[in-house]
Amino acid sequence: MTPFAETTLAHLLPDPLMQILKASGRTTAYADGQFIHSRGNREDGLSIILSGHVRFGIYDPAGGYTQASILGEGHCFGEVTLFMDAPRAYDAESLGPTSLLTISAD
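Residues numbered from 1 in each chain as written. Predicted model: local features only at pLDDT ≥ 70, side-chain atom pairs only at ≥ 80, totals over all residues. Heavy atoms only, no water.

Engineer: Please clarify how the packing of aromatic side chains should be interpreted in this entry.
Structural biologist: The geometry of an aromatic ring pair is captured by the separation of the ring centres together with the interplanar angle, meaning the angle of the planes. All told, the structure shown has 3 aromatic pairs when counted by the stated rule. For the pair Phe56 and Phe77, a centre-to-centre distance of 4.9 Å together with 70° between the ring planes defines the contact as edge-to-face. Residue Phe56 is located in strand β3 (residues 46–59), and its partner Phe77 is located in strand β5 (residues 76–77); the two are separated by 21 residues in the primary sequence. Neither residue differs from the other here; Phe56 and Phe77 are each classed as buried. Plain terms: the ring middles of Tyr59 and Tyr65 are 4.5 Å apart, the flat faces sit at 50° to each other, and that makes the pair tilted. A residue is classified by how much of its surface remains accessible, and Tyr59, at 34% relative accessible area, is partly exposed. Relative accessible area serves as the criterion here: at 26%, Tyr65 is assigned to the partly exposed category. (Phe/Tyr/Trp six-rings, centres within 6.5 Å; stacked < 30°, edge-to-face > 60°. Helix = DSSP H or I, 4+ residues; strand = E, 2+ residues; numbered from the N terminus. Buried < 20%, exposed > 50% of the residue type's maximum accessible area, 1.4 Å probe, protein only.)

Engineer: What is the right way to look at the pairing of β3 in this model?
Structural biologist: Regular strands place side chains that alternate from one sheet face to the opposite one. In terms of strand pairing, β3 meets strand β6 (residues 91–103) through 10 bridges, oriented antiparallel. Along β6, the bridge assignment pairs Gly57 with Asp91. Bridging between β3 and β5 involves 2 bridges; their strand directions are antiparallel. Residue pairing for β5: Ile48 is matched across the bridge by Cys76. Sheet topology places β3 next to strand β4 (residues 65–71); 6 bridges connect them, and they run antiparallel. Pairing of Arg55 across the sheet is with Ile70, part of β4. Linking β3 to β4, which pair antiparallel, is a turn of 5 residues; within it Gly63 sits at a positive phi near 95°. (Pairing = 2+ DSSP bridges.)

Structure (C-alpha cells):
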C-alpha cells in the first residue's frame with residue numbers, strides 16, 4: 001500500500017493521461033513567496049503541483065495569517081472551482097521555486 005503522502009493525483013493517473021493533461025494545460029513557474037491566487041478569486045482551474053510546494057491560508061484585514069495546509073509535488077487543488085463553480089477558499093503562494101500545471105474548464 002502506498003503511504004498517504006505519496007497518494008497524489010499525479011501518482012494515481014496513468015502516464016498517458018498525465019501526458020494529455022500536460023499537453024492541454026498551462027505550465028507556470030513561480031518564484032519563492034509568489035502569490036498564485038487570492039481567496040475569493042473566481043478563476044476556474046485544477047492545478048497539479050509539478051515541483052515545489054504551495055502554502056494555503058487566509059490573510060485577515062488586520063494583516064494576520066492563518067495557515068491551512070502545505071501541498072507538495074503531485075498534489076492538486078482547485079477542483080472545487082471546476083465542479084462546484086465556487087470561488088477559491090484560500091490564498092495560495094509558492095514555497096520555494098514551484099511549477100504548476102493548470103487545466104481550465106475551457
